[in-house]
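# Secondary and tertiary structure notes
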Amino acid sequence: MAREKMYFIGGLFIGVFVALLFLFYFAPRYSVVKTPNGLVRQDKWTGQSWRFVDNQWKAIVAQDYDWEKIDASLVSALRIPSGELDTGAALKLLKQKHPILKTLSDEDLLERIKIVYSRQILGNMYLDTFLKAEKSSPPQKQ
């Protein structure tokens, strides 16, 4: 009887060890991925995701918005002229005029235009505001 107990206890320990080895090394629950926006941790068992913000993991909540209505409201609020522009033809002409752009897809090109344009506009607005503030304030002693 003592020998069977020893086999049972030995098998139990080996089974627990193999299970822990499997769970920790071969089937990890969480995976952490580095994205351009930061770190994202995903639970493989439930599908939940967290983003690392302010030294804390904060849950990513999926929200569905009607982006077309939101965009239309913003265009109206910002008084952006929205003419009937044929984007495809305009991009085709832009690619013909600048051959380096031919390798980009239309979506990638529109994204780069947005980045470059907003960087230039926002940079100019900030510098203009800064220069106006510097002109209106008296010089500071250092």
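A brief report on the enclosed structure follows. For clarity, every value in this text was computed on a predicted model and none was experimentally measured.

Let us now look at the packing of aromatic side chains. The full count for this structure, using the stated rule, is three aromatic pairs. Between tyrosine 30 and tryptophan 50 the ring centres are 6.0 Å apart and the planes differ by 65°, which places this aromatic pair in the edge-to-face class. Of the two residues, tyrosine 30 is situated in strand β1 (residues 30-35) and tryptophan 50 in strand β3 (residues 49-53); the sequence distance between them amounts to 20 residues. Residue tyrosine 30 is classed as partly exposed on the basis of its relative accessible area of 39%. We classify tryptophan 50 as buried; its relative accessible area is 15%. For the pair phenylalanine 52 and tryptophan 57, a centre-to-centre distance of 5.0 Å together with 55° between the ring planes defines the contact as tilted. Geometry around tyrosine 30 places arginine 41 over its ring, the cationic atom sitting 5.0 Å from the centre.

This part covers the sheet that holds strand β2 (residues 38-43). Where strands meet in a sheet, backbone hydrogen bonds hold them as pairs that are either parallel or antiparallel. Spatially, β1-β2-β3-β4 is the arrangement adopted by the four strands of the open sheet, whose pairing is antiparallel. The open sheet terminates on both sides in strands that have one partner only, identified here as β1 and β4 (56-59). Geometrically, the sheet is characterised by an average inter-axis angle of 30° between neighbouring strands, direction not taken into account. Pairing between β1 and β2: six bridges, direction antiparallel. Paired with valine 33 across the bridge in β2 is valine 40.

Under the definition given, this model contains five salt bridges. Salt-bridge contacts for aspartate 54 lead to lysine 58; the nearest nitrogen and oxygen are separated by 3.9 Å. Here aspartate 54 falls in the exposed class, since its relative accessible area comes to 63%.

Definitions and limits used
- Residues numbered from 1 in each chain as written.
- Predicted model: local features only at pLDDT ≥ 70, side-chain atom pairs only at ≥ 80, totals over all residues.
- Heavy atoms only, no water.
- Phe/Tyr/Trp six-rings, centres within 6.5 Å; stacked < 30°, edge-to-face > 60°.
- Helix = DSSP H or I, 4+ residues; strand = E, 2+ residues; numbered from the N terminus.
- Buried < 20%, exposed > 50% of the residue type's maximum accessible area, 1.4 Å probe, protein only.
- Lys NZ or Arg CZ within 6 Å of the ring centre and 35° of its normal.
- Pairing = 2+ DSSP bridges.
- Axes fitted to C-alpha atoms, helices over the stretch in contact; angles between N-to-C directions.
- Salt bridge = Lys/Arg side-chain N within 4 Å of Asp/Glu carboxyl O.

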